[in-house]
Amino acid sequence: TVVVDGVDLKPDDKVINIHIPALGVPLTAEARKQSYLRAKQFFKGYFEGKDKIPFYCHTWLLFKRHKQMLKPTSNIVSFMNDFSWLEDYDYPDYNETWRIFGRTFTTIEEMPKENSIQKAYAQLIENKETTGGAEGIFLL
């Protein structure tokens, strides 16, 4: 079990599983809030008698090092702050980096470095450091 905001959640409790599609639009606080509220409204019938509904996500966006690599005002860091941490993962390769660069790559020189996250990941890969992700949960 895990306790989130004073609520004891058990492994068999229902959750809303969040998927963040790669649409190329900013993951702003307002966009997230509206999406969470729409999901809560849509799925409320599955959570009868519950004041707060758990939202779960397993994603590269929750990679713990983003808070060191990116500015505190980053939309990704803001998204991370929505969650209580469950578990971190290190990825053994760079397969997930296509999400950041828009494609796979063969050399560091080929990687676009057009924004802070691309620059940070290019540096991380150049240093042969691991990437990763995490599982997180919050109540709404």
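Data block above holds the structure.
Calculation criteria
- Residues numbered from 1 in each chain as written.
- Predicted model: local features only at pLDDT ≥ 70, side-chain atom pairs only at ≥ 80, totals over all residues.
- Heavy atoms only, no water.
- Buried < 20%, exposed > 50% of the residue type's maximum accessible area, 1.4 Å probe, protein only.
- Helix = DSSP H or I, 4+ residues; strand = E, 2+ residues; numbered from the N terminus.
- Contact = heavy atoms within 4.5 Å.
- Phe/Tyr/Trp six-rings, centres within 6.5 Å; stacked < 30°, edge-to-face > 60°.
- Salt bridge = Lys/Arg side-chain N within 4 Å of Asp/Glu carboxyl O.
- Core = buried A, V, L, I, M, F, W, Y, C linked by side-chain atoms within 4.5 Å.
- Pairing = 2+ DSSP bridges.

Q: I'd love a proper account of helix H5 (residues 116-126), names of residues and values included.
A: Buried residues of H5: Ile-117, Gln-118, Ala-120, Tyr-121, Ala-122, Leu-124 and Ile-125, and no others. Tucked inside the fold, the buried residues of H5 contact helix H2 (66-69), helix H3 (75-80), helix H4 (98-101) and strand E6 (131-139). Count one or two residues on from H5 and you reach Lys-128, which has phi positive near 60°.

Q: Describe the packing of aromatic side chains, with residues and values.
A: Going through the model one piece at a time under the given rule, you end up with 10 aromatic pairs. With a centroid separation of 6.4 Å and 50° between ring planes, the pair formed by Phe-63 and Tyr-121 is classed as tilted. Highlighted residues: Phe-63 in the loop between strand E4 (54-59) and H2 and Tyr-121 in helix H5, separated in sequence by 58 residues. When its relative accessible area of 2% is taken as the criterion, Tyr-121 is described as buried. When the ring of Phe-101 is compared with that of Phe-105, the centres are 5.9 Å apart and the planes differ by 75°; the resulting orientation is edge-to-face. When its relative accessible area of 6% is taken as the criterion, Phe-101 is described as buried.

Q: I'd like a rundown of the pattern of salt bridges, residues and numbers included.
A: Scanning the model with the defined rule gives 4 salt bridges in all. Close ionic contact of Glu-129 with Arg-65 constitutes a salt bridge, the shortest N to O distance being 2.7 Å. Here the residue Glu-129 occupies a position in the loop between H5 and E6, and Arg-65 occupies one in the loop between E4 and H2, the gap between them amounting to 64 residues. Using a relative accessible area of 27% as the deciding quantity, one classes Glu-129 as partly exposed.

Q: How would you summarise the nonpolar core if you had to cite specific residues and measurements?
A: Within the largest apolar cluster, 32 residues are counted, with the highest numbers of intra-cluster contacts made by Phe-55, Trp-60, Phe-79, Phe-83 and Tyr-121. Per-element tally for this core: the top contributor is H5, with 6 residues. In contact with Phe-83, other than residues within four places in its own chain, are Ile-18, Tyr-36, Phe-55, Cys-57, Leu-62, Gly-136, Ile-137 and Phe-138.

Q: Go over the sheet that holds strand E5 (residues 84-91), please, and point to the residues and values.
A: Taken in spatial order, the 4 strands line up as E3-E4-E6-E5 in an open sheet, and their pairing is mixed. Strands at the two margins of the open sheet, each flanked by one partner only, are strand E3 (16-17) and E5. Here E4 runs beside E6; their pairing, made up of 6 bridges, is antiparallel. Paired with His-58 across the strands is Glu-135, a residue of E6.

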